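Coordinate inspection notes
Read off the chains here:
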Amino acid sequence: MDSSNRAADYNDLITSSSWKDTLQDLNDYIVDNLARAGEPAVINGNLFYKHLERDFHNLPLNTEFESKRRNFFELARRSTCLFEIGVNAGHSMLLALMANPELKCVGLDVCERLNQRWARVDIYVPAAFNWLRYKFGDRVELIKGNSLIETPRFQLENPDATVDFLHLDGSKDTHLREAIAIGGLMPTDGFVVHDDFQMRNVRVADRQLRRINFSKPLDYQSNGLVECDFHIIRAKV
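Our subject in this report is the structure included herewith. What you are looking at is a predicted structure, and each value in this text was computed from that prediction instead of being measured.

1. Describing the pattern of salt bridges
All told, the structure shown has 14 salt bridges when counted by the stated rule. Across the salt bridge formed by Glu74 and Arg78, the nearest N and O atoms sit 3.8 Å from each other. Taking the relative accessible area as the measure of exposure, Arg78 reaches 40% and is therefore partly exposed. Residue Lys216 is joined to Asp189 by a salt bridge in which the shortest nitrogen-to-oxygen separation is 3.3 Å. Linking Lys216 in strand β6 (residues 215–217) with Asp189 in the loop between α7 (175–182) and β5 (191–195), this pair joins segments that are 27 residues apart in sequence.

2. Some points on the layout of surface pockets
The gaps left among the atoms become clear once a water-sized probe is rolled over them. Within this model, the largest pocket holds a volume of roughly 1,000 Å³. Along the walls of the largest pocket sit 44 residues, with Asn44, Trp118, Asp169, Gly170 and Lys172 positioned nearest its centre. Breaking the lining of the largest pocket down by element, the ones donating at least two residues are α4 (91–99), β2 (104–109) and α6 (147–157). Broken down by class, the residue content of the lining of the largest pocket amounts to 14 nonpolar, 18 polar and 12 charged. Of the pockets and cavities examined, the second largest pocket occupies roughly 260 Å³. Every residue lining the second largest pocket is counted, 14 residues in all, and those nearest its centre are Lys20, Leu23, Tyr49, Leu59 and Leu61. Those elements that place two or more of their residues in the lining of the second largest pocket are α2 (17–36) and α3 (66–77).

What counts and what doesn't
- Residues numbered from 1 in each chain as written.
- Predicted model: local features only at pLDDT ≥ 70, side-chain atom pairs only at ≥ 80, totals over all residues.
- Heavy atoms only, no water.
- Salt bridge = Lys/Arg side-chain N within 4 Å of Asp/Glu carboxyl O.
- Buried < 20%, exposed > 50% of the residue type's maximum accessible area, 1.4 Å probe, protein only.
- Helix = DSSP H or I, 4+ residues; strand = E, 2+ residues; numbered from the N terminus.
- 1 Å grid on protein atoms, 1.4 Å probe; cavity = no way out; pocket = protein on both sides within 12 Å on 5 of 7 lines; lining within 4 Å.
- Points joined across faces, edges and corners; volume = space filled by probe spheres on them.
- Nonpolar A, V, L, I, M, F, W, Y, C, P; charged D, E, K, R; others polar.

Have a look at this one:
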């Protein structure tokens, strides 16, 4: 890929007017859809904002997750196709798409409020889907449904696809099954990212995947990455 088409580095991207305008456009669209349903400007936590922060769109990016964002940017630059389970409000996918204009993304989300303590994901996630399709066209494919059904279906229906960047950020107790379901499309040394690594279920899934020789430790330094408490990055075996 022609590296001249990409942002020079993470700082260049997030300080650019293009980034700021595009992020604001996504946030405004989400907030507008929530407001029309009589709901406050609140979303579940993600790469950019803390969980259930009111009026998130008026707040600066969460500094605690700066390392996660930088890593996500670098992984996107080094990849050709991101498969993301847990699109949420679309912010991590936006970062990946703008980090690498040649990247393609497949996003999967149940789009249902399975926990009443969550924000209104049933409203804003479909809105984020619509916005991403409008903004990035055929660079994105978005799937609504249960990851344990839709992930193996995607592999069966797309046997020639290549997924070299897997982001597991949906349910915290399904990472093992999701990774195995899409693993047939992943090349050796493709990136496997477990979000919320501070949670026990996620750590157990990572350990199990390494035990069955699905994934292995990754050399962070040689890939331009930094250690982070909130996610772990592995390489596909």
